[in-house]
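# An overview of the molecular structure
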Amino acid sequence: MSENTVHLTPELVEDPVRGYANLRTQAELPHVVLPGLRTPVRLITRYADVKAALTEPRLIRDRSKVPGGAEGSDPQAELLEAAFEGFPPEYAKYVTDHLSLFDGEEHARRRAPLTRAFTARRIAALRSFVERAAGDLIRELAAKGEADLLGEFAYPLTTVVICELVGVDEADRSQVCEWIRDFAYGDGSRMADGLIGIVEYVKELVARRRAEPTEDLISALVSSARGDEEPPPASGWGDPHLAPLADDELVSVVFLLIGTGITPPALFLAHAVLALFDHPDQLARLRAEPELLERAVPELLRHVTLVRIGASMYATEDFEFAGTALKKGETVTVALLAANHDPQEYGDAPERLDITREFGRGDGHLAFGHGAHYCLGAALGRLVTSVVFDQLLVQRPDTALAVGRDELEFGHWPADGFHLIRLPVRLQGVSGS
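Only a predicted model underlies this, so the values are computations on that prediction, with no experimental measurement involved. (Residues numbered from 1 in each chain as written. Predicted model: local features only at pLDDT ≥ 70, side-chain atom pairs only at ≥ 80, totals over all residues. Heavy atoms only, no water.)

The full count for this structure, using the stated rule, is 32 salt bridges. Salt bridges here are not isolated pairs; linked through shared partners, they connect D169, D172, E204, R208, R209 and D216. (Salt bridge = Lys/Arg side-chain N within 4 Å of Asp/Glu carboxyl O.)

So, on to the sheet that holds strand 4 (residues 59–60). Reading across from one edge, 1-2-3-9-6-4 is the order of the 6 strands in this open sheet, with mixed pairing throughout. Of all strands in the sheet, those with a lone pairing partner are strand 1 (6–7) and strand 4, marking the two edges. Strand direction decides the pairing type here: strand 3 (residues 41–44) and strand 9 (residues 331–334), joined by 3 bridges, are parallel. Counterpart to R42 in the pairing with strand 9 is V332. (Pairing = 2+ DSSP bridges. Helix = DSSP H or I, 4+ residues; strand = E, 2+ residues; numbered from the N terminus.)

Taking 1.5 Å of rise per residue, the 32 residues of helix 13 (residues 247–278) would be expected to cover 46 Å, and the 46 Å separating its terminal C-alpha atoms lies within 8% of that figure. Among the 32 residues that make up helix 13, 26 are buried, leaving the element largely enclosed by the rest of the structure. (Expected span 1.5 Å × (residues − 1). Buried < 20%, exposed > 50% of the residue type's maximum accessible area, 1.4 Å probe, protein only.)

Along the chain, D49 falls in helix 3 (residues 47–53). With relative accessibility at 16%, the residue D49 sits in the buried group.

On to the packing of aromatic side chains. Applying the stated criterion across every chain, the model contains 6 aromatic pairs. Seen from their ring centres, W179 and Y201 are 6.2 Å apart, and the 45 degrees between their planes marks the pair as tilted. With a gap of 22 residues between them, W179 in helix 10 (residues 173–184) and Y201 in helix 11 (residues 191–211) connect regions that are remote in the sequence. We classify Y201 as buried; its relative accessible area is 8%. Considering the side-chain rings of Y346 and F359, the 6.5 Å spacing of their centres and the 85 degrees angle between planes classify their relative orientation as edge-to-face. Remark: F359 occurs in the loop between helix 17 (343–346) and helix 18 (378–394) and Y346 occurs in helix 17; sequence separation between them is 13 residues. According to the relative accessible area criterion, Y346 is buried, its value standing at 9%. Classification of F359 as partly exposed rests on a relative accessible area of 22%. By way of ring pairs, the aromatic residues Y47, Y346 and F359 are connected into one cluster. Over the ring of F102 we find R110; its NZ or CZ atom is 4.0 Å from the centre of that ring. (Phe/Tyr/Trp six-rings, centres within 6.5 Å; stacked < 30°, edge-to-face > 60°. Lys NZ or Arg CZ within 6 Å of the ring centre and 35° of its normal.)

The following block contains the structure:
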């Protein structure tokens, strides 16, 4: 390991200034060791370089596809081992077969049914459901006067929304939320129980929808897996005649949808609300000018960037990238939070939250990634965020942090920064009521 290798801590990973300012100015991509891991990687921190890396065909996600093989330790394998050591292999495969770890036609084959099922029409149709669900939860919490915004609002809301979209029966949603929280959040003692519970439930749900299809997304995926639907044209994602998903692959995809549709958006909502509490001038302006909500959502996505570090990528050959001579098999990863706070892209003081910020074409940030692995749930995330900010903060101007800022509790996962464990808030009535 190079003596210049930087060992990042969770505090540095989540700090866009102290964590990355020096790394960004280095001529070559720096070697870093991510929190909880041992193997150094080349870390890409500049916005333009991160965006380029996410579409660079010579950087792939599946290490086994490096021509001639890759030597040495693998940080991605370390991460999976640290998170899922001791898991029954028949269940761990549903995690290691994550869509983000495939490339090219294999990635396209697994993603295509989701792309066809995850339509703009299906997402837009959820708005009234999201508004009702958020409103009901907020009224319940306001009656109590004080609540944990993460555990009592964000988690239940994202659970009912993704369950409504996927097709989880209403009677099962509370249990599904518990399994996901056991798997993805907490002290890790119940991760295996959560994974087993979700996988077995999804298997049973797939069987039910195969026998009796409904109008939900899982029925569309089952239909696609049977080959009932015409594939899209080749342009855009590859061979239109790629094999449909096998049963285990279908379960992995549904598990991915449920898992990533609950915990990450719930944590984002909590962190985004905290960011506004931390910038009272911006919160006051949003309440005074609700029309700024359209700009506030992408700005908070940029500012928070919940997924701070992306998946590992591997060079398929020797080549130069971002001023660095990469060797075949060498590991690189992208610092999405660093990219979203790059002064070259966002000007002076990019760490400052500015809900009036105007972005150019596209998202204007990389919080949802870029390229072939762009987040399928981006439109749903924007919809839920806009509804929550309006109902929770604009319509209820007295909503505020219920404890001192230094009393908040945080935890962290390997290779990542800190995440809220609880967010106590005070809620009162609707403005004007």
